[in-house]
Structures are given as C-alpha cells and as structure tokens.
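Structural overview
Each chain, written out:
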Amino acid sequence: MAIRVVVAGLGAMGSAIAYHLTSRGAQVIGMDPFCPPHPFGSSHGKSRIIREAYFEDPAYVPLVQRAYELWQDLESRSQSRLLTITGGLMIGPQDGVLVSGALKSAAEHGLRHQVLDRSELMTRFPFLRIPEGFVGVYEPRAGILDPEGCIRAHLNLARAQGADLRFGSRLLSWTLRNGVVEVATDQGVLSADALVLSLGPWLLDFLADLPLQVERQVMFWFAPSQDQEHLTPDRCPIYIVEYEPQCFFYGFPNTGDGLKVARHHQGEITHPETVRRVVSEEEVEEIRRLVLPFLPAVSGPLKETQVCLYTNTPDGHFLIDRVPGADPIFVVSPCSGHGFKFASVIGEAVARWILDGNPGHDLSLFSWKRWSTP
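Residues numbered from 1 in each chain as written. Predicted model: local features only at pLDDT ≥ 70, side-chain atom pairs only at ≥ 80, totals over all residues. Heavy atoms only, no water.

**Some thoughts on the layout of surface pockets**
Using the following cut-off: Using protein atoms alone on a 1 Å grid, points that fit a 1.4 Å probe yet trap it form a cavity, whereas open point sets bounded by protein on both sides within 12 Å along at least five of seven lines form a pocket; residues with an atom within 4 Å of a point count as lining. Grid points are joined across faces, edges and corners, and a volume is the space filled by probe spheres set on the points. Each residue gets one label: Ala, Val, Leu, Ile, Met, Phe, Trp, Tyr, Cys and Pro are nonpolar, Asp, Glu, Lys and Arg are charged, and the others, such as Gly, are polar.
By volume, the second largest pocket amounts to about 290 Å³. His264, His265, Asp315, Gly316 and Ser336 are, among the 16 residues lining the second largest pocket, the residues nearest its centre. Residues that form the lining of the second largest pocket fall into these classes: three nonpolar, ten polar and three charged.

What follows is the structure, encoded as structure tokens:
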C-alpha cells in the first residue's frame, strides 16, 4: 500500500516535494490556501538566481550541482524553458565575505571561475561601474530560473502522476497518534503517514517557538536608460554586489521586463498577513541611489515593484528536518532568502527521506539540533 503524505504549502519546496513523492509512487495530498504560483510568499518575481560558487558555505555546492541536473530534467519533462545560463558575477572587496566565500567554494570543489580586477570587469562588461578596490569572481554556470514556471511545472507533473492538489485549502493543526498524523484543515480531517510543513513565512503560525524572522523584501524593475545592447541575457550575467561589509544587492539582465534589482536582506521584520505590500517612492529612490553608482542604466523609469518575504534563521542556513519528537512530521523551507535554486534537489531529498529513511544528501547543516531548544 502506498505511503500517504500530506504536503502543506505548495510553493517552491512543496511543489517539488509533491512531484518527487508522486514520481516514487507515494499518495500525495497537497494543500495551499492560495493557488500557486502566487505573489504572497517567497517564490515569485519572474526570476531567481542559480549559482554554483556558493559564498554562503561550500557545503551547498554538491546540492546545487544536483539541482542543476534536476531543473534540466524538469525542463525536459514539462517541455518548458525554466533555466537560462547567463554566467554570474560576485563583486566586492577581495577580502569581503562575497568574493572570499565564492573563491573558497570554487577552490574546494574545483569549479570553473575567473577573478577579474576593476579594469577587466568594466572592459568585459561595459555597463558596469566598479569602485576602486573591488574585484569580481565570474562563474560561467550561473543563471536564471523562472520561479513561477518551475512551480507550475512541478505541480502539473505531480497532478499528472496522481497527486490530489487542493488549492484554497488551509492547514489548521495536526495531531500525532500511534504513528499516524491526523491533519485538520478547513475542509475536513486527513490521515497520513507523514506531513510536510513547507509553509515558508506561515510556519511561525504553527511552530511559534522556532527562532525565525520573516523579512520584507522589495524587487524593482527599471527600464534601462542606456547600454541596452549590453544588458541582454547573452551579454549581461546575473550579479551580486557587496557594496558595504555584509551588505548586498543583486540584479539580472533585461529579459524583457526591464532591469530587476533588489537588496539581499536589510528589510523590515513583518508577518505574511500584515506585510506592507505598497512600495513607497522613498524606497524606489533609495534603491536607485544604491545601484546607480554600479549600474547607470537603472536611471530609467520604474516599471514595476513586487514584495516578497524571506523566512530567516539566525545563521542564514536552511531548516530541513523532522520535528523533534514527531518523526513523521518534516519542516522544510525556512531558507533565509536563498533557497529557491535548491527546490528541485530538496524535493528529491525529502521524498527519499520520507520513503526510504535517508535523504541521499548531507543535510546536517540544516538540522534542528543546532538550536538548543525548539
């Protein structure tokens, strides 16, 4: 008899978990109060960066390498374009956490990369302006994922494989009795062998003692004012800039919607039900002042803004683990603003963990045990 799994939350992680579980023969009931992909959580915004020379920790590199394989497989199975390789630039002081971290991962895993000085950066990428003392690490495999397309592909394939996906259905609570999980929803009670909590910023509504914070982030799109021929995906890589110590912004080439730029962290602490969705003129001018010295082309008109949410752990690493004392319940997706690129491999790993008892990847960095109390 097939194992029955309820997946609560069908964004980046939940959609991938549902797909990989059904691919391996599990019976899946997925639920989400919205209709994914939707703009209320963390998995939207037309583009997400994928990169290999991972400055946060070299332990992520094997995971992202497997993620590339799985995204390409998903493209093939869904017959849709989800991944665009543009190359990537990590720009900042040579001793900053961004550049030094990227170089550490590249060295440890033998990744292809180039270190470019200020002059080389501006010659090769003439749309950039680089301050004195900054360098860049170029990695050729970095690129762009289509977040809405990825979620849609995972959900469509999961449904085709038999998943029961219930949009507009909200998790209320759960109870563990004799190894069976009774899941209360606003549409009735479900029984399951396992429950996956891939709730993103809504997780704190159910596990309030977790040391997590939800952070408001704003994404901006500007019409390029100049250098348009240099800002297309075939000539402009994705980029992250450490403009002050441990302060970052990132950006994308013009894929047709304008130049997307945003800060990475430094947003206000909030809750998904009360987050400020309106973006002020002051915020627009603030990001423009920040990015203009590096990318003069953002002086063009504002085209669009969107608000998304980071669910942050204290150390910036993910939380992917069983709930202590409740082995059939898995927490997945407080990803501190850098998790989307890993959704495909995390989906595979969690499915293996539930069905085989082993995720097949080293997830110890993401363990609940690193906090003394839940």
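**Here we look at the environment of arginine 322**
Convention followed: The numbering of helices and of strands both runs from the N terminus, where a helix is a DSSP run of H or I of at least 4 residues and a strand a run of E of at least 2. Exposed residues in this analysis have more than 50% of their type's maximum accessible area, buried residues have under 20%, and partly exposed residues fall in between, with area computed by a 1.4 Å probe over protein chains only. Any two residues whose heavy atoms approach within 4.5 Å are treated as being in contact. Nitrogen and oxygen atoms within 3.5 Å of one another constitute a polar contact, given that in protein one can donate a hydrogen and the other can accept it, and given that sequence-neighbouring residues count only through two side-chain atoms.
Checked against the element boundaries, arginine 322 lands in strand E20 (residues 320–323). On the accessibility criterion, arginine 322 (24% relative accessible area) is partly exposed. Sequence-wise, arginine 322 and valine 291 are 31 residues apart; in three dimensions their C-alpha atoms are separated by 41 Å. In this structure, arginine 322 is in contact with Asp327, Pro328, Ile329, Phe330, Trp353 and Trp368, ignoring residues within four places of it in sequence. In terms of polar contacts, arginine 322 uses its side chain to reach the backbone carbonyl oxygen of aspartate 327, at 2.7 Å.

**Re empty space enclosed by the protein**
Taken as a whole, this structure holds one cavity of 30 Å³ or more when the rule is applied. Taken as a whole, the largest cavity encloses approximately 60 Å³ of empty space. Lining the largest cavity are Lys46, Ser47, Ile144, Trp221, Phe252, Pro253, Thr255, Asp257, Gly258 and Lys260.

**So, helix H6 (residues 281–291)**
Operational definition: This arc describes the spread of directions from the helix axis toward the C-beta atoms.
Glu283, Val284, Ile287, Arg288, Leu290 and Val291 are the residues of H6 that are buried. Along the long axis of H6, the arc covered by the buried residues comes to 160°, so they all point the same way. Away from its buried face, by an angle of more than 90 degrees, H6 presents the exposed residues Glu281, Glu282 and Arg289. Buried residues along H6 sit against strand E14 (213–222), strand E15 (238–244), strand E16 (247–251), strand E17 (259–264) and strand E19 (302–312).

**Some words on the side chain of serine 344**
Residue placement: serine 344 occurs in helix H7 (residues 343–356). In this structure serine 344 comes out as buried when scored by relative accessible area, which is 0%. Within polar-contact distance, the side chain of serine 344 engages the backbone oxygen of alanine 67 at 3.3 Å.

**Thoughts on the pairing of E14**
Our working rule: Strand pairing is assigned whenever DSSP detects at least two bridges linking the two strands.
In terms of burial, E14 is largely enclosed, as nine of its ten residues are buried. In this sheet, E19 lies alongside E14 in antiparallel orientation, the contact comprising ten bridges. Residue pairing across strands places valine 214 opposite threonine 311, the latter belonging to E19. With two bridges joining them, E14 and strand E18 (residues 269–270) adopt antiparallel strand pairing. Its bridge partner being in E18, glutamate 215 is matched across the sheet by isoleucine 269.

**Structural notes on the environment of histidine 230**
Relative to the assigned elements, histidine 230 resides in the loop between E14 and E15. When the C-alpha atoms of histidine 230 and isoleucine 151 are compared, they prove to be 30 Å apart, with 79 residues separating the residues in sequence. Setting aside anything within four residues of it in sequence, one finds histidine 230 in contact with Pro126, Phe127, Arg235 and Cys236. Among the polar contacts listed, one links the side chain of histidine 230 to the side chain of arginine 235, at a separation of 3.1 Å.

**Observations regarding the nonpolar core**
Short version of the rule: By convention a nonpolar core is built from buried Ala, Val, Leu, Ile, Met, Phe, Trp, Tyr and Cys residues, the set being connected through side-chain atoms within 4.5 Å.
By size, the foremost hydrophobic cluster in this structure holds 75 residues, and its most contacted members are Leu21, Trp71, Ile320, Val332, Phe342 and Ile346. Not counting chain neighbours up to four residues away, the residues in contact with valine 332 comprise Met13, Ile17, Val196, Leu197, Ser198, Leu199, Leu319, Ile320, Ile346 and Val350.

**Here we look at the packing of aromatic side chains**
Note the following rule: Only Phe, Tyr and Trp rings take part, Trp by its six-membered ring, and two of them pair if their centres are within 6.5 Å. Stacked means planes under 30 degrees apart, edge-to-face means over 60, and tilted covers everything else. As a reminder, the over-ring test applies to NZ of lysine and CZ of arginine, requiring each to be within 6 Å of the ring centre and within 35 degrees of the ring normal.
A full pass over the atoms with the stated rule returns 21 aromatic pairs. Ring geometry for phenylalanine 34 and phenylalanine 40: centres 4.7 Å apart, planes at 35°, overall tilted. On the basis of relative accessibility, which here comes to 22%, the residue phenylalanine 34 falls in the partly exposed class. Take phenylalanine 40: its relative accessible area is 34%, and that puts it in the partly exposed class. Their ring planes at 85° and their centres at 6.5 Å tell us that tyrosine 239 and phenylalanine 249 sit as a pair that is edge-to-face. Of this pair, tyrosine 239 sits in strand E15 while phenylalanine 249 sits in strand E16, placing them ten residues apart in sequence. Per residue, the accessibility class of tyrosine 239 equals that of phenylalanine 249, and both read buried. Taken together, Tyr54, Tyr60, Phe318, Phe342 and Phe366 form an aromatic cluster joined through their ring pairs. The lysine or arginine in question, lysine 46, covers the ring of tryptophan 221, its NZ or CZ lying 5.2 Å from the ring centre. The ring of tyrosine 68 has arginine 141 sitting right over it, with the charged end atom 4.1 Å from the ring centre.

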